[in-house]
Amino acid sequence: MLKHRGFPGRLPGTDFQFTLRRANPKGATPLERRERRSDRKPADRRADAGFVAALWEQFGDQPFERGNLDAGRLSWLFGREVLPYDDPFDPANYEAMLILDPRAAAMAFPDAADWGQ
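Now for a look at the structure at hand. Small disclaimer: the values here were computed from a predicted structure and weren't measured. (Residues numbered from 1 in each chain as written. Predicted model: local features only at pLDDT ≥ 70, side-chain atom pairs only at ≥ 80, totals over all residues. Heavy atoms only, no water.)

The next point concerns the side chain of Asp70. With respect to the element layout, Asp70 can be found in the loop between β1 (64-65) and α2 (71-75). With residues up to four places along the chain from it excluded, the contact list for Asp70 reads Gln17, Phe18, Thr19 and Leu20. (Helix = DSSP H or I, 4+ residues; strand = E, 2+ residues; numbered from the N terminus. Contact = heavy atoms within 4.5 Å.)

Here it is, written out as structure tokens:
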């Protein structure tokens, strides 16, 4: 499992995890699209925005390996702001390639980063 050096381990000042310390010996947790409802807690929305901002700062619009990025946090963005890059895509593989869609991210989280658009 690739460890993304320099990527924040969690949202500062919270327990919202962004990365894993070690690979799961039973295999990677599959990524799945989770629906974000309008009644989500503000803290959860801040965690999503912080994670998207960290993805943008670390990778920009370039493909990246899933590696040690938290599956739960990725799943809140998967299929909208974070898209599969591989074809075929294996959602349960630490080496799966993903890509951030900056337009979708800027629409969903306009204040999270300087999107350069």
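Structure's up, so let's keep going.
This paragraph deals with the environment of Ala47. Of note, Ala47 is situated in helix α1 (residues 42-59). In this structure Ala47 comes out as buried when scored by relative accessible area, which is 0%. Separated by 22 residues in the primary sequence, Ala47 and Pro25 place their C-alpha atoms 27 Å from one another. Residues in contact with Ala47, not counting those within four places in the same chain, are Leu11, Phe16, Phe18 and Arg73. (Buried < 20%, exposed > 50% of the residue type's maximum accessible area, 1.4 Å probe, protein only.)

We now examine the pairing of strand β3 (residues 97-100). Here β1 pairs with β3 via two bridges, running antiparallel. Bridging across to β3, Phe64 finds its partner in Leu98. Direction of pairing for strand β2 (residues 82-84) relative to β3: antiparallel, over a ladder of three bridges. Within the sheet, the bridge partner assigned to Val82 lies in β3 and is Leu100. (Pairing = 2+ DSSP bridges.)

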